[in-house]
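So you can see what is in the structure, the chains are spelled out below.
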2 protein chains.
Amino acid sequence: MDGTAIVYTHGLFDTNAAKTSHGLVRGSSRYNIVGIIDENHVGKDAGVVLEGKSAGIPFFASIQSYLDKTGQTPDYCIIGIANAGGKMNPDWYPDLKTALKAGISLVSGMHEFMSEIPELVSLAEQHGAQLIDVRKPKDRDDLHFWSARIDEVPSLKVAVMGTDCAVGKRTTAKFLVEACEAAGIKAQMIYTGQTGWLQGGQYGFVLDSTFNDFVSGELEHAMYQCYQETKPDVMFIEGQAALRNPSGPCGSEFLVSGMADAVILVTPAGRVYYKGWDHTGRKIPPLSTEVELIKLYGVPTIGIAINTKLVDHAEAKRLQAAYEDDLGIPVALPVEEGVEPLITALQTQLKQR
Amino acid sequence: MDGTAIVYTHGLFDTNAAKTSHGLVRGSSRYNIVGIIDENHVGKDAGVVLEGKSAGIPFFASIQSYLDKTGQTPDYCIIGIANAGGKMNPDWYPDLKTALKAGISLVSGMHEFMSEIPELVSLAEQHGAQLIDVRKPKDRDDLHFWSARIDEVPSLKVAVMGTDCAVGKRTTAKFLVEACEAAGIKAQMIYTGQTGWLQGGQYGFVLDSTFNDFVSGELEHAMYQCYQETKPDVMFIEGQAALRNPSGPCGSEFLVSGMADAVILVTPAGRVYYKGWDHTGRKIPPLSTEVELIKLYGVPTIGIAINTKLVDHAEAKRLQAAYEDDLGIPVALPVEEGVEPLITALQTQLKQR
């Protein structure tokens, strides 16, 4: 655990832009989350606002209000917003400066780096606070090329992919790790985004801020290192975007460079268009064709997880039955019913090895 | 034209490591190539060594020997080697220093940047020479996210992809541009590698040294800009690697973000394993499955180009007939017979629009 942290969402907590903060509310082993700074929800619990169950994390109207009301100074303030473009928003600066003046270190997953913003740098220096840019790329000397040593990783390698962005791939992977552990299966997750790192991921890399030439090698290195140090039975790779997402297709790396043995595919029930591209008419293709595509990369899809946010329970159950019937593989509703059907599928895979 | 240039290959000209120099011998509109520095071929012509036809480019044993024998000082010295890892090799430094001392600017496509090597930086400053690192990433503010404005590009968009690395995708694309122009079709190429830039490409980006998050947007931006400025009938996108290449899969960006209307697929006859991975037993899958995979990304493959380097003419002709029969699309042998069958296929596409 690195220390205590407040998460800054600036009025956006209940929007998709605050996805990073949602991951932190769901759990982090890197930071002890002690509050969310969002003026729109003061008096409520972040877990209740997010998914109807208490997380023991209160809201505060401002950083100053946190300091005044609790009499505590957290170690970190994490920017919990991931805006399109990844630019720092100057509207945040007054609040961020309040944090720095109190000696609170800032953590950001933006593409624009705090360490390149002179007014933040000088305040941080003055008050002994750190500026941690999670997406800052590694030095070239620390980057790895793919070397085929993934062949020396005998764990069952499962890519948790999705048919679109923002469908719950990371959360599904987290549920799977927990369910595996409960079932006596040693499991690890390979994170591939900044939220995974913020949540305390030990093995992984931030894919979207890695030079393209090193993506496969960094993935392989994380998986190899994970195996060397923890020897898990199963390794879940957190997927990113979707194989056919027009704004940034992703996923073949997990299949051919990470040598995934199996895919668990997360799909958003009721979503017709790729997230954010409704106005361009770009439809998410049928689920069965995604399974076919993954198969052409040489990997079987062994289970489906449905994100049911947009549909009622009856529709979720109808889709579950329809997909099971159509694809002949188990289909889980992770949030409502857990991931047990997928664990059974994994156990079958493990027995066959 | 930026100026005259010598190309440094240091004994490796006739190996695949000098792929960059081969592209430059085949033609560059950015540099006038006046010599190759390679001690192994002095007295020969680079075009003859490369592909049996004169290019009017002589070899020299060293940079000093070029200066002594010609009495000329070229404007640039381009490192024509692309070694695995992209690291500068200190063995080259004495020669590179000779160049800098003569006021010759250096051009490098390495992942390690000359501008971060103090001994080269100080010599360059002293002698008024430039250090041009082609792979140096753009400033974040100059990078683009994908925005769907590719929808405003009505040109026929053709991705020239391959079933492996180093099969001649860029060269095939170059042949296609030339053949289109000869047939009265306005064509442009979108480069995606450093050699494309070195050859004088006006529209494109260096894919492998772009942060993953910006690959789709930079591609779209290059295509959009190309259309705005030149309004071509056809745009050929230079492919990279291969969709299922384990060391770094690539290509879906061209299909779903570049919105390719069609693919021309280059395949290396006689090559069984992915280049460089023979020892790991990773076979290139059958050509028909690559066509199927591309189809699942929503794009038809309208022609095949065979790289015949490893097979004799009879085998090349046998494969050409077999692929035509199997896939029902034209198959060209670009080096032996040109790309005319592919131009016919393009004309059909253009008529259908």
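The residue numbers shown here count from 1 along each chain, following its written sequence. Chain letters start at A and ligand numbers start at 1, both assigned in the order the entries are written. With pLDDT at 70 or above as the cut-off, local features in this predicted model cover only qualifying residues; side-chain atom pairs require 80 or more to be listed or tallied, and sums for whole chains, interfaces and linings still use all residues. Computation of side-chain values: all heavy atoms of the structure, hydrogens and water removed.

## Structural notes on the interface of chain B and chain A
1) Next: Any two residues whose heavy atoms approach within 4.5 Å at even a single point are treated as in contact. Of the residues lining the interface, 45 residues belong to chain B; the matching set on chain A comes to 45 residues.
2) Next: By buried area we mean how much accessible surface two parts lose on assembly, using a 1.4 Å probe and totalling the loss over both. Both faces combined, the contact of chain B with chain A buries some 3600 Å², and carbon together with sulfur accounts for 57% of it.
3) Next: It is Trp-146, Asn-212 and Leu-296 of chain B that lose the most area in chain B upon contact with chain A, and together they represent 18% of the buried surface on that side.
4) Next: A pair is scored as a salt bridge if a Lys or Arg side-chain nitrogen falls within 4 Å of a carboxyl oxygen belonging to Asp or Glu. At the boundary of chain B and chain A, one finds six salt bridges.
5) Next: Put simply, Lys-87 of chain B and Asp-141 of chain A hold a salt bridge, and the shortest N to O gap is 2.7 Å.
6) Next: In protein, a polar contact means a hydrogen-donor-capable atom and an acceptor-capable atom, both N or O and within 3.5 Å, with residues adjacent in sequence counting only if both atoms are side-chain atoms; elsewhere, any N or O pair within 3.5 Å suffices. The tally of links from chain B across to chain A stands at 17 residue pairs in polar contact (both at pLDDT 80 or more).
7) Next: Of all the secondary structure elements, the ones that give two or more residues to the side of chain B that touches chain A are helix H8 (215-230), helix H9 (252-257) and helix H10 (287-296) of chain B.
8) Next: Each residue gets one of three labels, nonpolar for Ala, Val, Leu, Ile, Met, Phe, Trp, Tyr, Cys and Pro, charged for Asp, Glu, Lys and Arg, and polar for the others, Gly among them. When the residues that make up the side of chain B that touches chain A are grouped by side-chain class, the tally is 19 nonpolar, 14 polar and 12 charged. Runs of H or I in DSSP of at least four residues are treated as helices and runs of E of at least two as strands, each being numbered from the N terminus.

## What to know about the pairing of strand S11 (residues 262-268) of chain B
Residue and element names in this part refer to chain B.
1) Next: Of all the seven residues making up S11, seven are buried; the element is thus mostly covered by neighbouring parts of the structure.
2) Next: Buried, partly exposed and exposed residues are distinguished by accessible area as a fraction of the type maximum, computed with a 1.4 Å probe on protein chains only: under 20%, between the cut-offs, and over 50%, respectively. Neither face of S11 is exposed, since Ala-262, Ile-264, Val-266 and Pro-268 on one face and Val-263, Leu-265 and Thr-267 on the opposite face are all buried.
3) Next: A pair of strands counts as paired when DSSP detects no fewer than two bridges linking them. For strand S7 (residues 156-162) and S11, the ladder comprises five bridges, and the chain directions are parallel. Within S11, the position partnered with Val-158 by the bridge is Ala-262.
4) Next: Sheet topology places S11 next to strand S12 (residues 301-307); six bridges connect them, and they run parallel. Among the inter-strand pairings, Pro-268 is bridged to a residue of S12, identified as Asn-307.
5) Next: We call a crossover right-handed when, viewed with the strands running away from us, the connection from the first strand over the helix to the second turns clockwise. Each parallel crossover has a hand, and the one from S11 via H10 to S12 is right-handed.

## Looking at the packing of helix H10 (residues 287-296) of chain A against helix H11 (residues 313-327) of chain A
Residue and element names in this part refer to chain A.
1) Next: The contact between H10 and H11 brings their axes to 11 Å, and the two run at 40°. Classified by the angle between their axes, H10 and H11 sit oblique to one another. Judged by the sense of rotation from one axis to the other, the crossing of H10 with H11 is right-handed. Facing Leu-287, Ser-288 and Val-291 of H10, the residues of H11 in contact are Tyr-323, Asp-326 and Leu-327.
2) Next: Considering only residue class, the contact of H10 with H11 consists of four nonpolar, one polar and one charged. In this analysis, axes come from line fits to C-alpha atoms, helices being fitted only over the stretch in contact, and the angle between any two N-to-C directions falls in the range 0 to 180 degrees. When an angle is under 35 degrees it counts as roughly parallel; over 145 it counts as roughly antiparallel; between 65 and 115 it counts as roughly perpendicular; any other value is oblique. The crossing is said to be left-handed when, going from far helix to near helix, the turn is anticlockwise and less than a right angle, and right-handed when the turn is clockwise.

## Overview of the environment of Pro-300 of chain A
Residues and elements named next belong to chain A.
1) Next: Position of Pro-300 relative to the elements: it lies in the loop between H10 and strand S12 (301-307).
2) Next: Sequence separation between Pro-300 and Ala-260 is 40 residues; the distance between their C-alpha atoms is 9.2 Å.
3) Next: If we ignore the near neighbours within four places in the chain, the residues touching Pro-300 are Asp-261, Ala-262 and Val-263.

## Some remarks on the relation of the copies chain B and chain A
1) Next: Here the copies are matched by least squares. The fit uses the C-alpha atoms of residues with pLDDT of at least 70 in both. When chain B is fitted onto chain A, the two copies agree to an RMSD of 0.0 Å after a turn of 180° and an axial shift of 0.0 Å. On this basis, the relationship between the two copies can be described by a two-fold rotation axis. Taking the C-alpha atom as reference, chain B places Phe-211 of chain B closest to the rotation axis, 2.2 Å from it.
2) Next: Comparing contact sets, 100% of the residues at the interface of chain B also lie at the interface in chain A, consistent with an isologous, same-surface contact.

## Quick notes on the sheet that holds strand S6 (residues 131-133) of chain A
Residue and element names in this part refer to chain A.
1) Next: Spatial ordering of the open sheet is given by S3-S2-S1-S4-S5-S6, a layout of six strands whose pairing is parallel. A single partner strand is all that each edge strand has here, and the edge strands are strand S3 (59-60) and S6.
2) Next: Where strand S2 (residues 31-37) and S3 come together, two bridges link them in parallel fashion. Residue pairing in the sheet places Ile-36 in a bridge with Phe-59 of S3.

## A word on unusual backbone geometry
Residues other than glycine predominantly adopt negative phi, and peptide bonds predominantly adopt the trans conformation.
1) Next: One non-glycine residue, Ala-241 of chain A, lies in positive phi territory at about 50°.
2) Next: Here Ala-241 of chain A is to be found in the loop between strand S10 (234-238) and helix H9 (252-257).
3) Next: Overall, the relative accessible area of 14% leaves Ala-241 of chain A in the buried class.
4) Next: Its identity as a non-glycine residue notwithstanding, His-10 of chain B has a phi of 50°, on the positive side.
5) Next: With respect to the element layout, His-10 of chain B can be found in the loop between strand S1 (3-8) and helix H1 (19-26).
6) Next: On the basis of relative accessible area, His-10 of chain B is assigned to the partly exposed category, the value being 26%.

## Notes on the side chain of Ser-108 of chain A
Residue and element names in this part refer to chain A.
1) Next: Counting through the fold element by element, Ser-108 comes out in strand S5 (residues 105-108).
2) Next: Take Ser-108: its relative accessible area is 0%, and that puts it in the buried class.
3) Next: Within the structure, the side chain of Ser-108 is placed 3.0 Å from the backbone nitrogen of Met-110, a separation counted as a polar contact.

## As for the pattern of salt bridges
1) Next: For the coordinates displayed, the defined rule picks out 30 salt bridges over all chains.
2) Next: In this structure, the salt-bridge partner of Arg-30 of chain A is Asp-2 of chain A, at a minimum N-O distance of 3.8 Å. Of the two residues, Arg-30 of chain A is situated in the loop between helix H1 (19-26) and S2 and Asp-2 of chain A in the segment before strand S1 (3-8); the sequence distance between them amounts to 28 residues.
3) Next: Under the relative-accessibility criterion, Arg-30 of chain A is labelled buried at 12%.
4) Next: Its relative accessible area of 40% is what places Asp-2 of chain A among the partly exposed residues.
5) Next: Between Arg-244 of chain B and Glu-290 of chain B there is a salt bridge whose closest N-O contact spans 2.8 Å. One end of the pair, Arg-244 of chain B, is in the loop between strand S10 (234-238) and H9; the other, Glu-290 of chain B, is in helix H10, and 46 residues separate them in sequence.
6) Next: Since its relative accessible area comes to 1%, Glu-290 of chain B is described here as buried.

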